[in-house]
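As a plain string of letters, each chain reads:
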Amino acid sequence: SQSCHIGIINAWANEAKIKNDGSLYVDAEAALKRMKMEGFYPSEKVYNVVLSIAGYPITDEIAKRNVASSARELLFTMIEEFDDNGIAKPDIYSFNHAIKANIGLQGEMNKRE
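Rules of the game
- Residues numbered from 1 in each chain as written.
- Predicted model: local features only at pLDDT ≥ 70, side-chain atom pairs only at ≥ 80, totals over all residues.
- Heavy atoms only, no water.
- Helix = DSSP H or I, 4+ residues; strand = E, 2+ residues; numbered from the N terminus.
- Rg over C-alpha atoms; globule rule 2.2 N^0.38 Å.
- Buried < 20%, exposed > 50% of the residue type's maximum accessible area, 1.4 Å probe, protein only.
- Contact = heavy atoms within 4.5 Å.
- Areas by Shrake-Rupley, 256 points an atom, 1.4 Å probe, with all protein chains shown as cover.
- Core = buried A, V, L, I, M, F, W, Y, C linked by side-chain atoms within 4.5 Å.
- Salt bridge = Lys/Arg side-chain N within 4 Å of Asp/Glu carboxyl O.
- Axes fitted to C-alpha atoms, helices over the stretch in contact; angles between N-to-C directions.
- Parallel < 35°, antiparallel > 145°, perpendicular 65-115°, else oblique.
- Left-handed = near helix turned anticlockwise from the far one by under 90°.
- Nonpolar A, V, L, I, M, F, W, Y, C, P; charged D, E, K, R; others polar.
- Expected span 1.5 Å × (residues − 1).
- Arc of directions from axis to C-beta.

J.: What exactly am I supposed to notice about the overall build of the chain here?
T.: On a plain count of helices and strands, the chain comes out with five helices and zero strands. For the chain, the α and β elements follow one another from N to C terminus as α-α-α-α-α. Against the compact-globule benchmark of 13 Å for 113 residues, the chain has a radius of gyration of 14 Å, which places it among compact chains. Overall, the C-alpha framework of the chain stretches about 45 × 25 × 20 Å when taken along its three principal axes. The proportion of buried residues among the 113 residues of the chain is 34%. Relative to all contacts within the chain whose residues are 6 or more apart in sequence, the contacts with residues 24 or more apart total 67%. Summed over all atoms, the accessible surface of the chain reaches about 6900 Å², with 57% contributed by carbon and sulfur.

Here it is in structure tokens:
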């Protein structure tokens, strides 16, 4: 059911918060994709829970790049999807979460220069 999928996504978000680990974004995003494959339509709140995980620290460089890239893609997906009123799903929080993931990546890139 949709509530089961949302529960799984929330569990990944809680785990990320407890561990302060943004790499768990990958698992939450996979749960979101499965939810959509099974015919459920997540609200912007569900998207934002997934995107919020991308803002936690990630120590592995490859994972950091992958999460930042995936967060951008998810944001673009949200822009293409509309709610029942014909309004695109992302809100200011969606953009903030995706930006935070990419700022973390940009910060690491600036350290190298």
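So that's the structure; there's more coming.
J.: Can you walk me through the nonpolar core in this structure?
T.: As a rule of thumb, nonpolar side chains are buried together in soluble globular proteins. Membership of the largest hydrophobic core comes to 22 residues, with the highest contact counts inside it found for Ile9, Tyr25, Leu32, Val50, Ile53 and Leu74. Non-local contacts of Ile9, meaning those with residues more than four positions away in its chain, are made with Ala28, Ala31, Leu32, Met35, Val46, Val49 and Val50.

J.: What is the right way to read the pattern of salt bridges from this model?
T.: Where charged atoms of side chains with opposite charge meet at close range, the side chains can pair. Inspection of the entire model under this criterion finds five salt bridges. The partner of Glu15 in a salt bridge is Lys19, with the nearest N and O atoms 2.8 Å apart. Placement of the pair is Glu15 and Lys19 together in helix α1 (residues 2-19), with a separation of four residues, close to one helical turn. Residue class for Glu15 comes out partly exposed when judged on its relative accessible area of 29%. When the shortest N-O distance is used, the salt bridge between Glu81 and Lys89 registers 4.0 Å. A relative accessible area of 9% means that Lys89 is categorised as buried. Ionic contacts of the salt-bridge type, sharing partners, join the residues Lys36, Glu81 and Lys89 into one network.

J.: I keep staring at the packing of helix α2 (residues 25-37) against helix α4 (residues 61-80) and nothing clicks. Help me out?
T.: Two numbers describe a pair of packed helices, the interaxial angle and the distance between the axes. Close contact between α2 and α4 brings their axes to 11 Å; oriented N to C, the two are set at 30°. By the angle class used here, α2 and α4 are roughly parallel. Along this stretch, α2 crosses α4, giving a crossing that reads as left-handed. Of the residues in α4, those in contact with Tyr25, Val26, Glu29, Leu32 and Lys36 of α2 are Val67, Ser70, Ala71, Leu74 and Thr77. In terms of residue class, the contact of α2 with α4 is built from six nonpolar, two polar and two charged.

J.: Can you walk me through α2 in this structure?
T.: In an α-helix, one full turn covers 3.6 residues, which means residues spaced three or four apart are oriented alike. Taking 1.5 Å as the rise per residue, α2 with 13 residues should run 18 Å; its terminal C-alpha atoms sit 18 Å apart, in good agreement. Along α2, the residues classified as buried are Tyr25, Ala28, Glu29, Ala31, Leu32 and Met35. Buried residues in α2, looked at end-on, bunch into an arc of 155°, giving them a common side. Seen from the open side of α2, the exposed residues pointing more than 90 degrees away from its buried face are Arg34 and Met37.

J.: Quick question: what am I supposed to make of the packing of α1 against α2 here?
T.: Here α1 crosses α2 at 170°, and the two axes come no closer than 9 Å. Between α1 and α2, the crossing angle belongs to the class labelled roughly antiparallel. The residues of α2 that touch α1, namely those facing Gln2, His5, Ile6, Ile8, Ile9 and Trp12, are Asp27, Ala28, Ala31, Leu32, Arg34 and Met35. Considered class by class, the residues forming the contact of α1 with α2 number eight nonpolar, two polar and two charged.

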